[in-house]
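Take a look at the letters that make up each chain.
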Amino acid sequence: MYEVEVKVRANHDSVRDALDSAGATHVEAVEQEDTYYDAPDRNFAQTDEALRIREERSATSRADEDQEGTTDTRLTYKGPLVDSESKTRQEAETAVVDPEALRSILDGLRYESAATVHKERERYTLDGITVTLDTVEGLGEFVEAELETADDIDSARDRVLTVLTDLGLDTDEQIRTSYLGLLLAEE
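The structure displayed is predicted, hence computed values, not measured ones. (Residues numbered from 1 in each chain as written. Predicted model: local features only at pLDDT ≥ 70, side-chain atom pairs only at ≥ 80, totals over all residues. Heavy atoms only, no water.)

Undergrad: Help me out: how do you make sense of the pairing of strand β8 (residues 140–149) in this one?
TA: Residues in a regular strand project their side chains so that they alternate between the two faces of the sheet. A large share of β8 lies buried, amounting to seven of its 10 residues. One ladder, built from eight bridges, connects strand β1 (residues 2–9) with β8; its direction is antiparallel. Looking at the pairing, Y2 lines up with T149 of β8. As defined by bridge partners, strand β7 (residues 129–136) adjoins β8 across seven bridges and the pair is classed as antiparallel. Counterpart to T135 in the pairing with β8 is E141. Where β7 hands over to β8, the hairpin turn is made up of three residues, of which G138 adopts a positive phi near 90 degrees. (Buried < 20%, exposed > 50% of the residue type's maximum accessible area, 1.4 Å probe, protein only. Helix = DSSP H or I, 4+ residues; strand = E, 2+ residues; numbered from the N terminus. Pairing = 2+ DSSP bridges.)

Undergrad: Would you explain the environment of A145 in this entry?
TA: Here A145 shows up in strand β8. Between the alpha carbons of A145 and L126 there is a distance of 9.5 Å; along the sequence they are 19 residues apart. When residues no more than four places from it in sequence are discounted, the contact partners of A145 are V4, E5, V6, I129, T130, V131, V160 and L164. (Contact = heavy atoms within 4.5 Å.)

Undergrad: Would you mind going over helix α3 (residues 99–108) with me for this structure?
TA: The α-helix advances 3.6 residues per turn, and as a result positions three or four apart in sequence lie on the same side. Of all the residues in α3, the buried ones are P99, L102, R103 and L106. Around the axis of α3, the buried residues are gathered within 100 degrees of arc, so they sit on the same side. Seen from the buried face of α3, the exposed residues on the opposite side, beyond 90 degrees, are E100 and G108. Looking at where α3 begins, the residue whose side-chain oxygen comes 3.2 Å from the main-chain nitrogen of E100 is D98. (Arc of directions from axis to C-beta. Polar contact = N/O pair within 3.5 Å; in protein donor to acceptor, adjacent residues only side chain to side chain.)

Undergrad: When you look at the sheet that holds strand β4 (residues 71–81) in this model, what are you seeing that I'm missing?
TA: The eight strands are arranged β1-β5-β4-β3-β2-β6-β7-β8 in a closed barrel whose pairing can be described as antiparallel. Averaged over all adjacent pairs, the angle separating strand axes in this sheet is 35 degrees, with direction ignored. Of the pairings in the sheet, the one linking β4 to strand β5 (residues 89–95) comprises six bridges and is antiparallel in character. Opposite K78, over in β5, you have E91 as the bridge partner. (Axes fitted to C-alpha atoms, helices over the stretch in contact; angles between N-to-C directions.)

Undergrad: Which parts of the structure should I look at to understand the packing of aromatic side chains?
TA: Scanning the model with the defined rule gives one aromatic pair in all. Ring plane angle 65 degrees and centroid distance 5.1 Å describe the contact between F142 and Y179, whose orientation is recorded as edge-to-face. In this pair, F142 sits in strand β8 while Y179 sits in helix α5 (residues 179–186), placing the two residues 37 residues apart along the sequence. For the pair formed by F142 and Y179, the shared burial category is buried. Directly above the aromatic system of Y179 lies the positively charged group of K7, at a separation of 3.9 Å from the ring centroid. (Phe/Tyr/Trp six-rings, centres within 6.5 Å; stacked < 30°, edge-to-face > 60°. Lys NZ or Arg CZ within 6 Å of the ring centre and 35° of its normal.)

The following block contains the structure:
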């Protein structure tokens, strides 16, 4: 599966207004903590790959500390970018039942935690595209639009770019660097 994604910096208030006007559906608000790992046998920054553990919690349930079972944990591998006009890459992801066991496995294989990215996300759907408003700790506000496809990357990219343009965003200002890369560049 390929994730076709375009990301731009944008003020969330104006994008929310545009989403409302376009009839987008608000799906959810979540908080995420992404821990990225370095491999012992190659440098993921050099190969343009990523391995992460994502812990996601509903933003509304975070205030209720007694609520159980609200954290979703996933392991994700992202391959190198395959498209020069977007952040398209192969992606494989699976649910994690026991995050601590997974960390122990990665430690045993000598994978090391490289960095952690914290963000708040609001997800919408519009014309079959997922539009996400991200507030990333240390970086600010971004909008991502994405669509998964098995094979038609060009068509998926065109649909994603059209949705962003319809929301009043300048797709020529897209950022192909990951949040991790942007954070590391700030250091």
